Amino acid sequence: MKKIQIIFLTAMIAAVLTAFSTEMNAQSIMGGHYKKALIIGAHPDDPESMCGGTMLMLKNQGCEVVCVYFTQGEGGIPGKSEEEARAIRHQEALNSCAYMGIRPLFMTQVDGRSEITKERYDEMKDLIAKENPDIVITHWPIDSHRDHRNCALLVFDSWRRLDHGFDLYFTEVMSGNQTLNFLPTSYVDITPVREQKIAAYLCHKSQNLEGNIAKYHDTMEGMRGREYMCQWAEAFVQVLWNKERSTK
Ligand SMILES: [Zn+2]
């Protein structure tokens, strides 16, 4: 190996070790310190798809978990009007949350035409302030779906306006198709609740999600599991913030 290659390799290893030591300094999601979690997904089935296992793991250790639906899937059933689709998908979300034993909360954005405006910034900030969670999980903002991006950016803006008063994590949904360029910093072993996660996800019957299990979930959660040395895992990026060193 040439000297330049050795220097490059050493720099790469140092960068990886630095990244991991940063993660170790941050709180782990399952450390037992979180009392209330908000999981904010753009469409019915997104919260369950991206981190249904983590929702169940948190709930099982006594954390209050609230599942927030940013839209109600109005554009998600071919041949149905927005009103018809909303009614069907609202009920499916209720069914999924009832199965998980988790409280649902519905916002007023519309599937396929969500917006970022001054009023929408306030709406998201006010909802989070009212619920007062100590952890929020939402979409990773680099995503092929506009609603996912809008949801992520509104949450991120709220986090800043609420003085970074809760821990913020981004997570993935259908990576390689929707989520893009996602490199996790945190993991949750969801093996004990993986079957329940899939059952909750399949409560969204109108979406015919059975085909997604093998195509996306087995692949994604299996790969994250191997990265985390367990069978099934969900993966996250924690947005790090150091209040002491912040200059705003
Ligand atoms: Zn979605």
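As the structure is a prediction and not an experimental result, all values here were calculated from the model. (Residues numbered from 1 in each chain as written. Predicted model: local features only at pLDDT ≥ 70, side-chain atom pairs only at ≥ 80, totals over all residues.)

A closer look at the overall build of the protein
Within the protein, the secondary structure is distributed over seven helices and seven strands. When the helices and strands of the protein are read in sequence order from the N terminus, they spell out α-β-α-β-α-β-α-β-α-β-β-α-α-β. Of all 248 residues assigned to the protein, the portion counted as buried reaches 41%. Counting contacts in the protein only where the partners sit at least 6 residues apart, residues at least 24 apart contribute 78% of the total. (Helix = DSSP H or I, 4+ residues; strand = E, 2+ residues; numbered from the N terminus. Buried ≥ 20, exposed ≤ 12 C-beta atoms within 10 Å, placed from the backbone. Contact = placed C-beta atoms within 7 Å.)

A few points about the pairing of strand 1 (residues 36-41)
Remember that side chains alternate between the two faces of the sheet whenever the strand is regular. Counting buried positions along strand 1 yields five of six residues, so the element is predominantly enclosed. Direction of pairing for strand 1 relative to strand 2 (residues 64-69): parallel, over a ladder of six bridges. Within the sheet, the bridge partner assigned to leucine 38 lies in strand 2 and is valine 66. Pairing between strand 1 and strand 4 (residues 135-139): four bridges, direction parallel. By the bridge assignment for strand 4, alanine 37 is matched with isoleucine 135. (Pairing = 2+ DSSP bridges.)

With respect to the packing of helix 4 (residues 118-131) against helix 5 (residues 146-161)
For the pair helix 4 and helix 5, interaxial distance at closest approach is 9 Å and the crossing angle is 65 degrees. Helix 5 is crossed by helix 4, and the crossing has right-handed handedness. Contact residues: helix 4 offers Arg120, Tyr121, Met124, Lys125 and Ile128, while helix 5 offers Leu154, Val155, Asp157, Ser158 and Arg161. Of the residues in the contact of helix 4 with helix 5, the class split is five nonpolar, one polar and four charged. (Axes fitted to C-alpha atoms, helices over the stretch in contact; angles between N-to-C directions. Left-handed = near helix turned anticlockwise from the far one by under 90°. Nonpolar A, V, L, I, M, F, W, Y, C, P; charged D, E, K, R; others polar.)

A few points about the packing of helix 2 (residues 46-60) against helix 6 (residues 194-201)
Taken N-terminus to C-terminus, the directions of helix 2 and helix 6 make an angle of 135 degrees; their axes are 9 Å apart at the nearest point. Classified by the angle their axes make, helix 2 and helix 6 are oblique. Seen along the crossing, helix 2 lies across helix 6 with a hand that is right-handed. On helix 6, the residues touching Glu48, Ser49, Gly52, Gly53 and Leu56 of helix 2 are Arg194, Gln196, Lys197, Ala200 and Tyr201. Considered class by class, the residues forming the contact of helix 2 with helix 6 number three nonpolar, four polar and three charged. (Parallel < 35°, antiparallel > 145°, perpendicular 65-115°, else oblique.)

Notes on the nonpolar core
Within soluble globular proteins, side chains that are nonpolar tend to cluster in buried spots. Of all hydrophobic cores here, the largest spans 52 residues; its most connected members are Ala37, Ile39, Met55, Val65 and Val136. Among the elements that take part in this core, helix 2 stands out by supplying six residues, more than any other. Non-local contacts of valine 65, meaning those with residues more than four positions away in its chain, are made with Ala37, Ile39, Met55, Leu58, Lys59 and Ile102. (Core = buried A, V, L, I, M, F, W, Y, C linked by C-beta atoms within 7 Å.)

With respect to helix 7 (residues 210-227)
An ideal rise of 1.5 Å per residue puts 26 Å on 18 residues; helix 7 measures up with 25 Å between its terminal C-alpha atoms. At histidine 217, helix 7 shows its largest bend, some 35 degrees. Buried within helix 7 are the following residues: His217, Met220, Glu221, Arg224 and Gly225. At its buried positions, helix 7 is contacted by strand 6 (186-189), helix 6 and strand 7 (233-238). Phi turns positive one or two residues past the end of helix 7, at methionine 229, with a value near 60 degrees. (Expected span 1.5 Å × (residues − 1). Bend = angle between axes of the 7 residues up to and from the residue.)

Description of the environment of glutamate 123
Along the polypeptide, glutamate 123 turns up in helix 4. Given 16 C-beta atoms within 10 Å, glutamate 123 falls into the partly exposed group. Each C-alpha atom of the pair glutamate 123 and serine 158 lies 9.3 Å from the other, and the pair is 35 residues apart in sequence.

Examining helix 4
An α-helix turns once every 3.6 residues. As a result, residues three or four positions apart point the same way. Relative to the 20 Å expected for 14 residues at 1.5 Å per residue, helix 4 spans 20 Å between its end C-alpha atoms, a close match to the ideal helical length. Just downstream of helix 4, asparagine 132 is the residue with a positive phi angle, here 55 degrees.

Overview of the sheet that holds strand 3 (residues 103-106)
Across the sheet, seven strands lie side by side as 3-2-1-4-5-7-6; this open sheet has mixed pairing. For this open sheet the edge positions go to strand 3 and strand 6, each flanked by a neighbour on one side alone. Averaged over all pairs of adjacent strands, the angle between their axes in this sheet comes to 30 degrees, without regard to strand direction. One ladder, built from four bridges, connects strand 2 with strand 3; its direction is parallel. Bridging across to strand 3, tyrosine 69 finds its partner in phenylalanine 106. Those strands touched by helix 5 are strand 1, strand 4 and strand 5 (167-171), and its axis lies near 155 degrees from that of strand 4.

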